[in-house]
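Report on the structure
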2 protein chains.
Amino acid sequence: MALHIALDAMGGDRGPEEMVSGALMAVSESDLEITLIGDQVRLEAVLATHDTPSSRIHLVHASQVVGMDESPFDAIRRKKDSSIMKAFALHKEGRVEAVVSAGNSGATLAAALRLLGRLEHVSRPGIAGIFPTLKGPVVMMDVGANVDCRAEHLFQFGIMATAFSQVLFGLDRPRVGLLSIGEEGGKGNLLVKKSHELLQQSSLNYIGNVEGRDTFQGDVDVMVCDGFVGNVCLKLSEGLAEAVLGMLGEEISKSFKAKLGYLLAKDAFVSFKKRVDYAEYGGAPLLGIRGNVIICHGRSSAVAIKNAILVAAEMARNKVNERILELLSLDHLLLQDEALPSLENIAAGVSS
Amino acid sequence: MALHIALDAMGGDRGPEEMVSGALMAVSESDLEITLIGDQVRLEAVLATHDTPSSRIHLVHASQVVGMDESPFDAIRRKKDSSIMKAFALHKEGRVEAVVSAGNSGATLAAALRLLGRLEHVSRPGIAGIFPTLKGPVVMMDVGANVDCRAEHLFQFGIMATAFSQVLFGLDRPRVGLLSIGEEGGKGNLLVKKSHELLQQSSLNYIGNVEGRDTFQGDVDVMVCDGFVGNVCLKLSEGLAEAVLGMLGEEISKSFKAKLGYLLAKDAFVSFKKRVDYAEYGGAPLLGIRGNVIICHGRSSAVAIKNAILVAAEMARNKVNERILELLSLDHLLLQDEALPSLENIAAGVSS
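Rules and cut-offs
Residues numbered from 1 in each chain as written. Chains lettered and ligands numbered in written order. Predicted model: local features only at pLDDT ≥ 70, side-chain atom pairs only at ≥ 80, totals over all residues. Core = buried A, V, L, I, M, F, W, Y, C linked by C-beta atoms within 7 Å. Buried ≥ 20, exposed ≤ 12 C-beta atoms within 10 Å, placed from the backbone. Contact = placed C-beta atoms within 7 Å. Least-squares fit on C-alpha atoms with pLDDT ≥ 70 in both. Pairing = 2+ DSSP bridges. Helix = DSSP H or I, 4+ residues; strand = E, 2+ residues; numbered from the N terminus. Axes fitted to C-alpha atoms, helices over the stretch in contact; angles between N-to-C directions. Parallel < 35°, antiparallel > 145°, perpendicular 65-115°, else oblique. Left-handed = near helix turned anticlockwise from the far one by under 90°. Domains from an automatic or database assignment. Nonpolar A, V, L, I, M, F, W, Y, C, P; charged D, E, K, R; others polar.

Counting 235 residues, the largest nonpolar core has Ile5, Ala23 and Ile309 of chain A together with Ile5, Ala23 and Ile309 of chain B as the members making the most contacts within it. Leaving out residues up to four positions away in the same chain, Ile309 of chain B has contacts with Ile5, Leu7, Gly22, Ala23, Ala26, Leu32, Ile34 and Val100 of chain B.

If you want it as structure tokens, here you go:
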């Protein structure tokens, strides 16, 4: 039977038009069923502008929308009929196998925790960022859900990102690195030193501390860090890639010869942009939840949404959560069950 | 009277040849006196290969060298006659006004703390990284000296980097940002939230939380962060810039037309590389010490060493430390004097 994915059609900075386009692209490239959640009148109007309606696109009305800047905790308490809450309600009822949202990421995390809850033995669900490198993709976790972490949390991020890398990228033993400021185990802050000890004892394919400069070389498949550091890295990378291209563009525009050269090399620039484009991976999986969730960038294009939907379906089809539970059980002696802090504290830290 | 700078001529991955070349370039571009510290026989041999000896280059013999991977704490205890220890001894005796080293940065920090000590009211000296942006340089502090920080430390980094930015870049009121994961003051980890409160009460030109993606836009002059996060950012930026150019190069090499285009645009690429080259700023000032110190990258070229020497001289000439003391006195109510942790703990965290 075809998988069924819920898309928060009101999320994202570009409006429902972009979400609907992404959903239509996804159904045309797959056998998925997709339910769009949002203002029914508006979504029907948007769908009517497309001349390729699909019988595999469904609508569920939600009367409320959570704004991008709203307090996540207030949002999930007060807006029970918001598109994001309804998406997770459908997932909880088993009517869909995954949720994709480009909306308020704190609210997405809070709603997932409230309605689906954590996987057994997972202390802190986290967000896995997927970065392009010179060789293959690297999965960095956490990139923003947990800004104050203990070593046990980083250890679990390593397990969850390993499971994702195995299932989605087909790697048998993904190489796990701990993001630090020197390759020796003794280097790093207190959190990193403790996390190093735990990871060393684990059954993961732990290769030790890895420095930021090695992130993009492709010699590591999984990069473990706390959500503050990971989020800073995520945004720094976006900003730096833009700045690098901006500065290069300025230099090129200074001479006619260089401009001509750019025109000749333009295809290479386009392929390059595609290669470093985060939209290629669609979004960031939220791991450690009893369900399959992809959190997309607010600025996501239709292509990014399409890719996020396809990745969400892969997570469900290949049972990434069963893999996480298996890996957790291999290292159960290193784990302690732990209560979740209040949703208010968790969601306040999240940054989209 | 001309200023006198000490250069650890045995430091760096490229050997004394590169250090000597850098020193000779610096004297030819300035009226500085430079003392090279290291193995006298070897340095004389290197100097003899240059046909432009200068009467403003001096030699001081040191019988020992601290290796790049040696424990900094052991090094400064056991190698009293190392080039790095002798450089700081000269500074302490007032025979030079600044020290430049591309050697073991942990040992450089430890030697500076041991022989020169901290400026009054400075809890934690730190390393200021200088990044190119689309507009002007941004000073990020700390980029590696202090991996576990309290809010008071970040606040002092803001003061010291502001003084540096005023004195070296001529900015009247440098805009100070706090590196975080969202622009709202409530976002960030516990350390950032507390630091935000202190910075808000200060006399600095504090503009609030700044995200990593904005670092390279040039809308902030000083970026405050702990040394772990700062060092990760420093290395991630280096790695990403290399990876971006590497991926672009791969794309260009795929077609003849693109290769031809690259040749035409090559000057633009060269200007671009110069613009993002860290060697342009020569090195990272170590601030909060009773002296003027520049820590250079181990891979520093002669040009980077030359620029570091010129920046060190500017720090001494324009009395950056007096400026730091003035700024500290403006906010003395927010400061508490604090003992330094053992040098062992400090230097262990440092990463070159």
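Another aspect to go through is the relation of the copies chain A and chain B. Laying chain A over chain B is done by rotating through 180 degrees and shifting 0.0 Å along the axis; what remains is an RMSD of 0.0 Å. What the superposition gives is, in effect, a two-fold axis relating one chain to the other. Nearest to the rotation axis, the C-alpha of Gly261 of chain A is located 1.8 Å from it, this being the minimum over chain A. Most of the interface of chain A is mirrored in chain B, where 100% of its interface residues again form contacts.

So, about the sheet that holds strand S2 (residues 33–38) of chain A. Residue and element names in this part refer to chain A. Across the sheet, which stays open at both edges, the 11 strands sit in the order S3-S2-S1-S4-S11-S10-S5-S6-S9-S7-S8 with mixed pairing between neighbours. At either end of the open sheet lies a strand with only one pairing partner, and these are strand S3 (57–61) and strand S8 (206–211). Looking at each pair of strands side by side, their axes are set apart by 30 degrees on average, direction ignored. Relative to S3, S2 runs parallel, the two sharing five bridges. Looking at S3, one finds that Ile37 is bridged to Val60. With respect to the sheet, helix H2 (residues 40–48) is in contact with S2 and S3, its orientation differing from that of S3 by roughly 155 degrees. Sheet contacts for helix H5 (residues 105–115): strand S4 (98–101), strand S10 (284–287) and strand S11 (293–295); angle to S11, the most-contacted strand, approximately 165 degrees.

To continue, consider the packing of helix H6 (residues 151–169) of chain B against helix H7 (residues 190–201) of chain B. Residues and elements named next belong to chain B. One can describe the packing of H6 onto H7 by two numbers: an axis separation of 8 Å at closest approach and a directional angle of 50 degrees. Of the possible angle classes, the one that applies to H6 and H7 is oblique. In this structure, H6 meets H7 at a crossing whose hand is right-handed. Where H6 approaches H7, its residues Ala151, Glu152, Leu154, Phe155 and Gly158 are matched on the opposing element by Leu191, Lys194, Ser195, Leu198 and Leu199.

This paragraph deals with the domain arrangement of chain A. Residue and element names in this part refer to chain A. On domain assignment, one finds that chain A holds domain 1 (1–125 + 288–352) and domain 2 (128–231 + 270–280). A C-alpha centroid distance of 23 Å is found between domain 1 and domain 2. Elements that contribute at least two residues to the side of domain 1 that touches domain 2 include exactly helix H11 (302–317) and helix H12 (320–330). Among the elements that make up the side of domain 1 that touches domain 2, the one with the highest residue count is H12 (six residues). Its residues assigned to classes, the side of domain 1 that touches domain 2 shows 13 nonpolar, 10 polar and four charged.

This next bit is on unusual backbone geometry. In the segment running from Met141 of chain A into Asp142 of chain A, the intervening peptide bond is cis, with an omega of 10 degrees. Relative to the assigned elements, Asp142 of chain A resides in the loop between strand S6 (138–141) and helix H6 (151–169). Although it is not a glycine, His121 of chain B sits at a positive phi angle of roughly 70 degrees. Tracing the backbone shows His121 of chain B in the loop between helix H5 (105–115) and strand S5 (126–131). Since 18 C-beta atoms lie within 10 Å of it, His121 of chain B is described here as partly exposed.

Attention now moves to the pairing of strand S6 (residues 138–141) of chain B. Sheet faces and side chains relate simply in a regular strand, where the side chains alternate between the two faces. Residue and element names in this part refer to chain B. Burial along S6 is two-sided: the residues Val138 and Met140 and Val139 and Met141 are all buried. With four bridges joining them, S5 and S6 adopt antiparallel strand pairing. The partner of Phe131 across the bridge, within S6, is Val138. Between the antiparallel neighbours S5 and S6 lie six residues. With three bridges joining them, S6 and strand S9 (residues 222–224) adopt parallel strand pairing. Across the sheet, residue Val139 finds its bridge partner in S9, namely Val222.

All names here are of chain B. With nine of its 10 residues buried, helix H4 (residues 83–92) lies for the most part within the structure. Residues of H4 that are buried: Ser83, Ile84, Met85, Lys86, Ala87, Phe88, Ala89, Leu90 and His91. Phi turns positive one or two residues past the end of H4, at Gly94, with a value near 80 degrees.

With 57 residues of chain A at the contact, the number on the chain B side is 57 residues. Counting only elements with at least two residues in the side of chain A that touches chain B, the list comes to helix H8 (227–252), helix H9 (256–264) and helix H10 (266–276) of chain A. Take the side of chain A that touches chain B: its biggest share by element is 19 residues, from H8 of chain A. Residues belonging to the side of chain A that touches chain B are distributed by class as follows: 28 nonpolar, 17 polar and 12 charged.

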